[in-house]
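Report on the structure
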Number of protein chains: 2
Amino acid sequence: MPSTQQLYKTYQEKMRRIADIRSTSALMQWDQETYMPPKGAAMRGQQLSTLSELAYELFAEEELGKILNELAAAGDLQPDERTNVLLTLEDYEKNKRYSAAFVRALSEQVNKAFHAWISARKQDSYALFEPELARLVELKKRETDILGFKDHPYNALLNEYEKGATVALIDKTFSDLLPELKKLFNAIREKPQVEDAFFQLHYPRQQQWDWGMYLVKALHFDFESGRQDISEHPFSTSFHPNDVRITTRISESDMANMTWSCIHETGHGLYEQGLPVEHYGIPAGEPCSYSIHESQSRLWENNVGRSRPFWVHYYPELQKFFPEQLARVSLDAFYKGLNKVQPSLIRTEADEISYHFHVYIRYQIEKKLIEGNLQTRELPEVWNHQYKELLGVVPGSDKAGCLQDVHWSHGSFGYFPTYSLGSFYAAQFYETAKEKIPALQEQVASGDTLPLLSWLRKEIHSQGRRMKSEELCQHVTGKPLDASYFVRYLLDKYREIYNL
Amino acid sequence: MPSTQQLYKTYQEKMRRIADIRSTSALMQWDQETYMPPKGAAMRGQQLSTLSELAYELFAEEELGKILNELAAAGDLQPDERTNVLLTLEDYEKNKRYSAAFVRALSEQVNKAFHAWISARKQDSYALFEPELARLVELKKRETDILGFKDHPYNALLNEYEKGATVALIDKTFSDLLPELKKLFNAIREKPQVEDAFFQLHYPRQQQWDWGMYLVKALHFDFESGRQDISEHPFSTSFHPNDVRITTRISESDMANMTWSCIHETGHGLYEQGLPVEHYGIPAGEPCSYSIHESQSRLWENNVGRSRPFWVHYYPELQKFFPEQLARVSLDAFYKGLNKVQPSLIRTEADEISYHFHVYIRYQIEKKLIEGNLQTRELPEVWNHQYKELLGVVPGSDKAGCLQDVHWSHGSFGYFPTYSLGSFYAAQFYETAKEKIPALQEQVASGDTLPLLSWLRKEIHSQGRRMKSEELCQHVTGKPLDASYFVRYLLDKYREIYNL
């Protein structure tokens, strides 16, 4: 009979092997978005399906299940080891509910839908995407049955991204929050608007790239353990903490997009680089959840990267990169411009308030798709109607409307709510950081964000997945998640900018 | 009972899956040499080992063996299908001789040796590489027992790269050829030397890159199905015919190196892009052999790319890229300079004659390492002695000596002889091409290499691996391999250049 420690080592070995395959898939996806030649696409989809299936099969192995169950019943595991085992056992049992055929079918349909989405965007035609999306929605509905759920099928998918989240909870959060956001948004819209036209001057590609790289480095993203590249849609991915990849995009007539996408993805990247590499492949080495991941990107992008102190230090640096465009724009004008609030069509370009209207619309739509109360062919109409209702704007094309996000083409239903949760966590974490690090604002204003990063590393990154989001929040802030932190953060900020 | 056609389909499916994993390994290796951040190395080695082991396990599956044996015994397969099955069965039986543990141990040792080789080169210290190389040689010796051999253990390794090749055959080929090469080489060395100093002027990086890309495109490498990047050592790899990657390197004081490395790797890439994609994963979709692969790179690099007609068209183009450096160099001086014959230390920079002395030295050394008549610690001494003997030069450092090639760190013992075989095949193929395409020389002189490429596609690329090298040679040229084609090619070329 192997000892518990021998069994635990075998468990770690097996998980490392599965992580190697998942890392490899992540590399294939990274390559697909950055360097792959166009005709490589079809085969890449097939290869990704093969790897998904393989990872599924290895994780569904009977022997692994036996080991996990024995370890879960063993009395002589360290508490941290026990946590790893119980979390993995939970994942294992979930994985077992799938069949290899379903995993392959889903992966293949995602690939079809993704390529249909690319074509649909190119030709600005939702009709090209709709049939593939419809098939994907059918598979996701089947997945809710495979996973099982209480109360609402969408809960099954929500749980994939945020353990314990439910339709009831998200509905409640939004119904508390949206009226307050709406009120603030309307109050701002009645005030004189701030100027941000300077962002749309001509900013040459190479200088933007240099500026972005400067900024990512300055924020302590480790280029010995990662890199930045160009892709059509910015994203971050990680093969393990020593190889983390982020991407950005550059439009020569929009410097803002590139700047805050760099900071956002750096936030994700710093989290991944801060995970404990010695626990590669097991929960202690994995990120806590999607919403906590998003809290890290948003904390850097918004709480830090859209704050006045941050630009006290970095605006003079930015002006050195673009003297022609920015020499006559004051720090104050710059700060107000970058926080301009206005109705917009594109989620990723939205201000910090209306951003959550965008999320809410997507959440409503995908919930209805999954419960069967909305057909994919009705999607553009509902989308446009909701935008009119909530933001007062209507997209002139589906490309600027329901084709704008990649998520549905990836089958990632249940993902969007984590973006809002991420903002709420970020506000609460950042408020706590300000308490715990009394000199934080001055440090940020002198360009020194290392104390903040060290605090995040210690409190959040190094924790891996041992706590759920809610528990981690309690651990870091002493309180459960409370969206009023976020509302107060917005009120403080915009009262000053808009003289409310 | 499934029908033969059903079985054949299952066989194809299983092989496709294995090819997907091998493709993925190739992507990981490509990334490792091009974009991976430094700290990613250790984990990448582990991930590559996992994938090797997985590919091994899938290919060692009992069920696959059963299917292959049933198909081999079936009477109702098409001849081409039968060829695929028999070749795969042969590979299968070879693979079965290994154990998963040995595959993993070898892959891990290759990774260690490779990184030791990198460090050893950086610090110009063979001692850093030697212990890892010694362990790798021991594993390769064990591999010769696993594979089995007749007459000489090195035959087992030779066979991995060139089916049917033996020490007796290679010894005979070299002992026939070397005296003739030596004679020619000495005759040239007695003549006034040609000038090639213009290659060592300052050639700015970006212009070299642009020139290289121009050239690779002009030679019909398909950038929809491939790309070129920068790496420390130029190489080519393929994930499938629609995604073929080649690399080059740029030294600002050596334009020659970059130019002919681009043409060489393009030759490899064109072969891979010309393989029948519909046979992905099975022998009909694979390259014939290493020597035939090398024949393609060398045919383009040397027989085409170092010929006068080629530069009649491309030299004026090259001059446009580098007017300052080349405006006062005539086509004749350029042509002679690029064919300068001289003793050299670095294999990849050697002329077409002395290149084979470099190969011979490596062949002798690795044969002795494998038979146990040479210890790794004696390697530098033997290397330097052989260089003095054959080329009359002695490396001033191991970096320019026995550390120059990556092959041994990869465990690729038995590979070098295919380089010489590749030159011999190339000469014979090109002579045949000139017979079959009477206007070939004029076409090349007008920059039109498409007829030549189409002929290679039809005669060689599209054939996959259905014939052995020797059979393919017979099929293409009507004769078995005959190295005298190569000798005649050299004599014709150098007689004119050096007035022999």
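A quick note: this is a predicted structure, and the numbers were derived from the prediction, not measured.

What counts and how
Residues numbered from 1 in each chain as written. Chains lettered and ligands numbered in written order. Predicted model: local features only at pLDDT ≥ 70, side-chain atom pairs only at ≥ 80, totals over all residues. Heavy atoms only, no water. Pairing = 2+ DSSP bridges. Helix = DSSP H or I, 4+ residues; strand = E, 2+ residues; numbered from the N terminus. Axes fitted to C-alpha atoms, helices over the stretch in contact; angles between N-to-C directions. Contact = heavy atoms within 4.5 Å. Parallel < 35°, antiparallel > 145°, perpendicular 65-115°, else oblique. Left-handed = near helix turned anticlockwise from the far one by under 90°. Nonpolar A, V, L, I, M, F, W, Y, C, P; charged D, E, K, R; others polar. Least-squares fit on C-alpha atoms with pLDDT ≥ 70 in both. pLDDT = per-residue confidence, 0-100. Expected span 1.5 Å × (residues − 1). Buried < 20%, exposed > 50% of the residue type's maximum accessible area, 1.4 Å probe, protein only. Buried area = accessible area lost by both parts, 1.4 Å probe. Salt bridge = Lys/Arg side-chain N within 4 Å of Asp/Glu carboxyl O. Polar contact = N/O pair within 3.5 Å; in protein donor to acceptor, adjacent residues only side chain to side chain.

**Concerning the sheet that holds strand β1 (residues 226-230) of chain B**
Residue and element names in this part refer to chain B. The strand order across the open sheet formed by 3 strands is β1-β3-β2, and the pairing between neighbours is mixed. Looking along the sheet, the strands with just one partner apiece sit at the ends: β1 and β2 (236-240). For this sheet the average axis-to-axis angle between neighbouring strands, irrespective of direction, equals 20°. Pairing of β2 with strand β3 (residues 243-248) involves 4 bridges; the strand directions are antiparallel. Within β3, the residue paired with S238 across the bridge is V244. Packed on one face of the sheet, helix α9 (residues 205-218) meets β1 and β3 and runs near 155° to β1.

**A look at the packing of helix α10 (residues 255-274) of chain A against helix α11 (residues 290-304) of chain A**
All names here are of chain A. Two elements in contact, α10 and α11, have axes separated by 7 Å at closest approach and are oriented at 135°. Our classification of the angle between α10 and α11 gives oblique. As for the relative orientation of α10 and α11, their crossing is right-handed in sense. Along the contact surface, α10 presents W260, I263, H264, G267, H268, L270, Y271 and E272, while α11 presents I292, H293, E294, Q296, S297, R298, W300 and E301. Looking at the contact of α10 with α11 residue by residue, the class counts come to 6 nonpolar, 6 polar and 4 charged.

**Quick word on the relation of the copies chain A and chain B**
Mapping chain A onto chain B leaves a residual RMSD of 0.0 Å; the transformation is a rotation of 180° accompanied by 0.0 Å of translation along its axis. Within this description, the copies of the chain are treated as partners about a two-fold rotation axis. It is T24 of chain A whose C-alpha, among those of chain A, lies nearest the rotation axis, at 3.6 Å.

**Focus: the confidence of the model for chain A**
For chain A, per-residue confidence averages 96 on the pLDDT scale, and residues scoring 70 or more make up 100% of the total. Listed scores for the predicted complex are pTM 0.94 and ipTM 0.92.

**Focus: helix α17 (residues 417-436) of chain A**
Under the 1.5 Å per step criterion, the end-to-end length of α17 of chain A is 29 Å for 20 residues, consistent within 8% with the ideal 28 Å. Counting buried residues in α17 of chain A gives 16 out of 20 residues, a clear majority hidden from the surface.

**A short note on the interface of chain A and chain B**
The interface is formed by 40 residues belonging to chain A together with 40 residues belonging to chain B. Carbon and sulfur atoms make up 56% of the surface buried where chain A meets chain B, a total of about 3,300 Å² over both sides. In terms of surface lost to chain B, no three residues of chain A exceed R17, Y35 and K39 of chain A, which account for 17% of the buried area on that side. Between chain A and chain B we count 10 salt bridges in total. On inspection of chain A and its partner chain B, the count reaches 20 residue pairs in polar contact (both at pLDDT 80 or more). Looking at the side of chain A that touches chain B, the elements with two or more residues in it are α1 (4-34), α2 (41-59), β1 (226-230), β2 (236-240) and β3 (243-248) of chain A. Looking at side-chain class alone, the side of chain A that touches chain B contains 16 nonpolar, 10 polar and 14 charged residues.

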